[in-house]
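Results of the structural survey
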Amino acid sequence: MTTYTITLSAAEDKALKSVALSAQDWIDNAVHERCRIAMDEIVNAEVQRKLAAGQPITGSKDDIVMAANIESAAERQARMQAELEAEQQARLEAEQAANQGA
């Protein structure tokens, strides 16, 4: 199990307490709900992938998520950044080649 700790300013804490009976319960609920949504997305994608491949679907929701080969948000951002930079470089090289030929 992983534990996360957050720090709120005095103003943030006061604001949160104005909308939540328990700041800790609200934070816990928000994070758990986002995790539930992400897990549902992963499970749905894995079920569709396995059905398309004719593979059996076994295990609990947790088992399916843990076995899924997925990119983390950080990995996805790094991949997309690298793709964008490669695209920009190719565009620049094409422009330079066109300018040299003109």
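Up top is the structure.
Remember, it's a predicted structure, so these values are computed and weren't measured experimentally. (Residues numbered from 1 in each chain as written. Predicted model: local features only at pLDDT ≥ 70, side-chain atom pairs only at ≥ 80, totals over all residues. Heavy atoms only, no water.)

**Considerations on the overall build of the protein**
A tally of helices and strands in the protein yields four helices and zero strands. Taking the principal axes of its C-alpha atoms as reference, the protein extends roughly 70 × 50 × 20 Å. The buried share of the protein, taken over its 102 residues, is 10%. Of the roughly 8,700 Å² of accessible surface on the protein, 56% is carried by carbon and sulfur atoms. Computed over 10 positive and 17 negative side-chain charges, the inter-centroid distance for the protein is 5 Å. (Helix = DSSP H or I, 4+ residues; strand = E, 2+ residues; numbered from the N terminus. Buried < 20%, exposed > 50% of the residue type's maximum accessible area, 1.4 Å probe, protein only. Areas by Shrake-Rupley, 256 points an atom, 1.4 Å probe, with all protein chains shown as cover. Lys, Arg positive; Asp, Glu negative; His and termini not counted. Charge placed at Lys NZ, Arg CZ, Asp CG, Glu CD.)

**Concerning the nonpolar core**
Most often, soluble globular proteins keep nonpolar side chains buried together rather than apart. Grouped together as the largest cluster of nonpolar side chains are five residues: Ile42, Val43, Ile64, Val65 and Ala68. Of all the secondary structure elements, the ones that give two or more residues to this core are α2 (23-53) and α3 (61-67). Filtering out sequence-adjacent residues up to four positions away, Ile42 remains in contact with Val65, Ala68 and Ile70. (Core = buried A, V, L, I, M, F, W, Y, C linked by side-chain atoms within 4.5 Å. Contact = heavy atoms within 4.5 Å.)

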